[in-house]
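Here is what each chain is made of, one letter per residue.
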Amino acid sequence: MKNKKINSLIVPAIIFGETSFWFTVLGVLIGIIGLGWYLIGNSCLISPKSLVNDIWSGEISLSIWQNTSSEIIRQNFWFIKHIHFSDSLAFLGIVICGIAGMIGSWASFFYMLFSKNRKKGSKAKIFLYLEFIIASILLISVLGIGTMH
Amino acid sequence: MLLLVRFMNNFPRKYLLFGIIAFGILFGSVVYSSTGSELLGPELEVDPILFVNILFFSCILIGIFAVLAGVGGGVIFTPLMLGFTPIDSYIVRSTGLFIAMVGSIIAGRQYLRYGIANYKLVLLAAVPYTLFAVIGALIAGYLYTVTGEIGESVLRGLLGLIVIAIGLLFIFAGKQMEYPEVDRVDSFTAIFDLGTSYEEKSLNRIIDYKITNLGIGMPLFCVAGLISGMFGLGAGWAIVPIFNLAMMVPLKVAATCSTIMISIGDSAAVWPYILGGGLFPIVTVPCMSGMIIGAFVGSRIMVKVKPGIVRWLIIGVMFLAGIRLIIKALTIF
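Bear in mind the structure is a predicted one, so any value in this text is a computation, not a measurement.

(A) Molecular detail of the pairing of strand S1 (residues 196-200) of chain B. All names here are of chain B. Where burial is concerned, most of S1 is hidden: 4 out of the 5 residues are buried. In terms of strand pairing, S1 meets strand S2 (residues 205-209) through 5 bridges, oriented antiparallel. Counted as the bridge partner of Tyr 198 is Ile 207 from S2. In sequence, S1 turns back onto S2 through a hairpin of 4 residues, with Asn 204 there showing a positive phi of about 55 degrees.

(B) Examining the pattern of salt bridges more closely. Evaluation of the coordinates by the stated rule reveals 3 salt bridges over all chains. For Arg109(B), the salt bridge goes to Glu18(A), with nearest N and O atoms at 3.1 Å. Separated into two different chains, Arg109(B) in helix H5 (residues 89-113) and Glu18(A) in helix H1 (residues 10-40) make up a pair that spans both. For the pair shown, Arg109(B) and Glu18(A) are each scored as buried. The structure contains a network of salt bridges with shared partners spanning Glu18(A), Arg109(B) and Arg113(B).

(C) A look at the packing of helix H6 (residues 119-172) of chain B against helix H8 (residues 214-231) of chain B. Residue and element names in this part refer to chain B. At a closest axis distance of 4 Å, the pairing of H6 and H8 adopts a crossing angle of 40 degrees. Of the possible angle classes, the one that applies to H6 and H8 is oblique. By crossing handedness, the relation of H6 to H8 is classed as right-handed. When the residues that make up the contact of H6 with H8 are grouped by side-chain class, the tally is 24 nonpolar, 4 polar and no charged.

(D) Representation of a nonpolar patch on the surface within the structure. All names here are of chain A. The grouping of Leu 139, Ile 140, Leu 143 and Ile 145 at the surface amounts to a nonpolar patch, some 350 Å² of accessible area in total. On the secondary structure map, Ile 145 appears in the segment after helix H5 (122-143). Look at Ile 145 and you get exposed, because its relative accessible area is 55%.

(E) Structural detail: the packing of aromatic side chains. Counted under the stated rule, the structure contains 15 aromatic pairs over all chains. The interplanar angle of 5 degrees and the centroid separation of 6.2 Å between the aromatic rings of Phe110(A) and Phe114(A) together place this pair among those described as stacked. In this pair, Phe110(A) and Phe114(A) both sit in helix H4 (residues 86-114), 4 residues apart, roughly one turn of the helix. The exposure class assigned to Phe114(A) is exposed, which follows from its relative accessible area of 60%. By way of ring pairs, the aromatic residues Trp106(A), Phe109(A), Phe110(A), Phe114(A) and Phe132(A) are connected into one cluster. In this structure, Arg109(B) packs its charged tip against the face of Phe21(A), placed 4.2 Å from the ring centre.

(F) Layout of the side chain of Thr189(B). Residues and elements named next belong to chain B. Within the fold, Thr 189 resides in helix H7 (residues 187-190). Here Leu 214 takes part through its backbone nitrogen, which lies 3.1 Å from a polar atom of the side chain of Thr 189. Setting aside residues up to four positions removed in sequence, Thr 189 forms contacts with Leu 194, Ile 211, Thr 212, Asn 213 and Leu 214.

Criteria and cut-off values
- Residues numbered from 1 in each chain as written.
- Chains lettered and ligands numbered in written order.
- Predicted model: local features only at pLDDT ≥ 70, side-chain atom pairs only at ≥ 80, totals over all residues.
- Heavy atoms only, no water.
- Buried < 20%, exposed > 50% of the residue type's maximum accessible area, 1.4 Å probe, protein only.
- Helix = DSSP H or I, 4+ residues; strand = E, 2+ residues; numbered from the N terminus.
- Pairing = 2+ DSSP bridges.
- Salt bridge = Lys/Arg side-chain N within 4 Å of Asp/Glu carboxyl O.
- Axes fitted to C-alpha atoms, helices over the stretch in contact; angles between N-to-C directions.
- Parallel < 35°, antiparallel > 145°, perpendicular 65-115°, else oblique.
- Left-handed = near helix turned anticlockwise from the far one by under 90°.
- Nonpolar A, V, L, I, M, F, W, Y, C, P; charged D, E, K, R; others polar.
- Patch = residues over 30% accessible without salt bridge, like charges linked within 9 Å, V, L, I, M, F, W, Y side chains within 5 Å.
- Areas by Shrake-Rupley, 256 points an atom, 1.4 Å probe, with all protein chains shown as cover.
- Phe/Tyr/Trp six-rings, centres within 6.5 Å; stacked < 30°, edge-to-face > 60°.
- Lys NZ or Arg CZ within 6 Å of the ring centre and 35° of its normal.
- Polar contact = N/O pair within 3.5 Å; in protein donor to acceptor, adjacent residues only side chain to side chain.
- Contact = heavy atoms within 4.5 Å.

See below:
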């Protein structure tokens, strides 16, 4: 068999893939545990019955939040303060899945930046900068900078 | 599972198409009648456990068929849920984008680990795709909060047209090339030295490939990102042909790179929806879990089912969903 041409970014790629995968799995598990706890009906911020009825009756998401919750919930990352509630825990799972890609990108970027084996030269730097741009876009999105909500 | 495989292999295609249409009309009319105000008023009680189970098992089915048809779950989930349920479109689009993201992160791990996906190419293509996916999500949020019902109807109608266009693309697009030949790499693409190789285990050989036309691919990725972010669809249906037909990337590399790009782009685009209140765990978690299980089951039965049948099934569902979305959009006028 002919030799394989070595892909110079194979390690950063694996770091991105593994980090984002395991964070996503963690988020999915937390989400499932939170939802299970929520459906049992104990310790929740929003009653599952009223929430499901609002969702199924075609209520728009903004008014669902307004109908079913206090002002605190309209703040970004509201669930952190209320993590002892089942729905907040389920939401934490969603958020962990949401940040998985960002964490993977930053992990990959820092590997590319500090690796002793990294290739030097302008071509290698292009991909370092590209990884930095992607990780920054993801961070800006997570922080909600520029959103109009 | 064996019965399902046998049934799908033996069922004549023309009857299957009739079946899809009949089922669509029946399902559509039932759901349509249930969206009448007398049935879905605030007095209607829906059991949360039943609701979660319906979403979970529906998404298992969507996940199975998506894998068998070679598309992401989001592209089937969003039009179906928007066309055939009364759930608010912002919630559906947020959930569609979220499950596309989760599905692609989970699938992408293997592609990166075995070096099939070209990470250099992913980084280059992901910048315009991610940027425009976020812009698309912001536009969707703006239309949702500012233009109200009319903006929503316009979005629904446009999505209906896009879904029908994707269905037509599946029917009429030229056959994709498994191993495209590149005679000359253009000067712009050559700067990035994107050509590499991967091990094709099915042939037990190393495939060397070159890539060209990056300048053509970049603006197309912007359009794909915008559509993905705005409508809550995965964009594999657009990204794979751009890689394969425009940039001459081998089909397997194109498909794997597309998965990684969606995992990056949608990770950014999902945040305006999360912060905009579009995700509810009671919808998102069962859909996400169902899709993951469905994709897993689908990948196991994929080797035994004739892909053509599933492809026609998905095309039929997409046409139905597209028509339903356009009808829903027109009711506002």
